[in-house]
Amino acid sequence: MHATKEFNKKGFFKQFLLGLRISKSFTTNPISIEQRKNSIKLSSDLAMAFARGRTHWTRALISKLGGKEENTTMLKGIMGRRYGILMAIYSYPLPHQKVQRGKKIVRSYRFCSGANKRRALKGSCNRVSPSIVARNLVNRRTKVLKRLVPGGELLNGSSLLSETLDYVISLKAQVDMMKSLWKATQISSSRNVELDPSASCQGRKLLMLANSKDEFQLFKKS
Amino acid sequence: MSSRRSRISDDEINELISKLQSLLPESRRRGSNRASATKLLKETCTYIKSLQQEVDDLSDRLSDLMAGMDDNSVQADIIRSLLSS
């Protein structure tokens, strides 16, 4: 798990910086706090997804974010010439994977109303057993989880579990990295340090060293 | 639930469940066998929601701090946080 975090860091910050740059380049000044917050959040989410690589949930997330009209410019900036190809690779879901609404769950939930539950717990009703109550609760909670995890609605059972695990790990890494960035920004803005030009050169070298996997070659600073 | 038992064994499912449980903040206090499926699901959902809320929150705070910053300062901060963690 620690190894994953190490990998994520460099890739994440690279993508994050790229996203911030792009959003800066196409927005006009003065930018509202709301807009800046949205572009930071978008950069962060995209950075997390791209740094993680191609899993089910990253594809779903990138596809969902890329589908929004206002985000296309940002994604085109990040992906460059390969925008079309990458959006196809990350496309989700396939037409035959349309989501089926769970009618079964609704029926059994209505069947298991509050009165029935109470009777079942008292043990005096033989219509609804506690195991059915428990199963319905699991179903409802699973439904909520499916909505939370990107792409979760098409998964079941162990796939849903493993995607959830992966997603939680990435979310936690994202939060940690943003926290450390915030701390560093706080320190620098309170100190109000004057930067020397060599510092930014070092920064560029560091970022280019990060992550030489094929897929991310196209994200190199030109 | 899963009809693909031939590909994913019960052991692997148990491993997934225990890994997930070890990530959740509350369950570290209790023994690993205490949680039921519903409890695990509920805590996972709560945890994911709180993490997503934290990301939103941090984006807010970062946008405040980065208000007047130029590119080099942002880059320097990013490098500093990379090196410090």
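See the structure printed just above.
Here's what I pulled together on the structure shown here. Bear in mind that the values here come from a model prediction, so they are computed numbers and not experimental data. Residue positions within a chain follow its written sequence, with the count starting from 1. To label them, take the chains in the order written and letter them from A, then take the ligands in the order written and number them from 1. Restriction of local features to residues with pLDDT of at least 70 applies here, the model being predicted, together with a cutoff of 80 or more for giving and counting side-chain atom pairs; totals for whole chains, interfaces and linings are based on all residues. Hydrogens and water are ignored here; the side-chain numbers use all heavy atoms of the structure.

Focus on the overall build of chain B
Link 1 in the chain: When helices and strands are counted, chain B shows 3 helices and 0 strands.
Link 2 in the chain: Every helix listed is a DSSP run of H or I at least four residues long, and every strand listed is a run of E at least two residues long, numbered separately from the N terminus. What you see in chain B, going N to C, is helices and strands ordered as α-α-α.
Link 3 in the chain: The buried label goes to any residue with under 20% of its type's maximum accessible area, the exposed label to any with over 50%, and the partly exposed label to all in between, with areas taken from a 1.4 Å probe on protein chains only. Relative to its 85 residues, chain B shows a buried fraction of 36%.
Link 4 in the chain: Throughout, the Shrake-Rupley method with a 1.4 Å probe supplies accessible areas, and for residues the shown protein chains are the sole cover considered. Split by element, the accessible area of chain B, about 5100 Å² in all, is 46% carbon and sulfur.

Description of the interface of chain A and chain B
Link 1 in the chain: In this description, contact between two residues means that some pair of their heavy atoms is separated by no more than 4.5 Å. In this complex, chain A contributes 54 residues to the contact, which on the side of chain B involves 49 residues.
Link 2 in the chain: Here, a salt bridge means any Lys or Arg side-chain nitrogen found within 4 Å of an Asp or Glu carboxyl oxygen. On the surface where chain A and chain B come into contact, there are 3 salt bridges.
Link 3 in the chain: Here A:Lys179 makes a salt bridge to B:Glu54, at a shortest N to O gap of 3.3 Å.
Link 4 in the chain: Pairs of N or O atoms within 3.5 Å make up the polar contacts considered here, provided that, within protein, one atom can donate a hydrogen while the other can accept it, and that residues adjacent in sequence are counted only when both atoms are side-chain atoms. Along the contact surface separating chain A from chain B lie 6 residue pairs in polar contact (both at pLDDT 80 or more).
Link 5 in the chain: Among the secondary structure elements, those contributing two or more residues to the side of chain A that touches chain B are helix H1 (2–26), helix H2 (33–52), helix H8 (130–148), helix H9 (157–191) and helix H10 (197–209) of chain A.
Link 6 in the chain: Sorting elements by how many residues they give to the side of chain A that touches chain B places H9(A) first, with 24 residues.
Link 7 in the chain: Charged means Asp, Glu, Lys or Arg here, nonpolar means Ala, Val, Leu, Ile, Met, Phe, Trp, Tyr, Cys or Pro, and polar covers whatever is left, Gly included. A per-class count over the side of chain A that touches chain B returns 28 nonpolar, 14 polar and 12 charged.

Some details on the nonpolar core
Link 1 in the chain: Of all hydrophobic cores here, the largest spans 63 residues; its most connected members are A:Phe12, A:Phe16, A:Leu46, A:Phe50, A:Met79, B:Ile48 and B:Met66.
Link 2 in the chain: With 13 residues, the top contributor of residues to this core is H9(A).
Link 3 in the chain: Beyond its immediate sequence surroundings of up to four residues, B:Ile48 is in contact with A:Leu145, A:Leu148, A:Val149, A:Thr164, A:Tyr167, A:Val168 and A:Leu171. Joining through side-chain atoms within 4.5 Å is the link that ties buried Ala, Val, Leu, Ile, Met, Phe, Trp, Tyr and Cys residues into a set, and such a set is a nonpolar core.

Considering the side chain of A:Lys146
All names here are of chain A.
Link 1 in the chain: Here Lys146 is to be found in helix H8.
Link 2 in the chain: None of His or the chain ends enter the tally, which takes Lys and Arg as positive and Asp and Glu as negative. Buried charge without a partner: Lys146 forms no salt bridge, and the closest opposite charge is Glu153, 8.5 Å away.
Link 3 in the chain: In this structure the side chain of Lys146 is engaged in a polar contact, spanning 3.2 Å, whose partner is the backbone oxygen of Leu155.
Link 4 in the chain: Look past the residues within four positions of Lys146 in its chain and what remains in contact with it is Gly152, Glu153, Leu155, Asn156 and Leu160.

Describing the environment of A:Gly152
All names here are of chain A.
Link 1 in the chain: With respect to the helices and strands, Gly152 occurs in the loop between H8 and H9.
Link 2 in the chain: Classification of Gly152 as buried rests on a relative accessible area of 0%.
Link 3 in the chain: Aside from chain neighbours lying at most four places away, what touches Gly152 is Lys146 and Leu160.

Remarks on the side chain of A:Thr58
Residue and element names in this part refer to chain A.
Link 1 in the chain: Within the secondary structure layout, Thr58 lies in helix H3 (residues 56–67).
Link 2 in the chain: Judged by relative accessible area, Thr58 falls into the buried class, the value being 0%.
Link 3 in the chain: Polar contacts involving the side chain of Thr58 include one to the main-chain amide nitrogen of Thr55, which spans 2.8 Å.
Link 4 in the chain: In this view, Thr58 contacts Ala49, Arg52, Gly53 and Tyr90; residues no more than four positions away in its chain are not counted.

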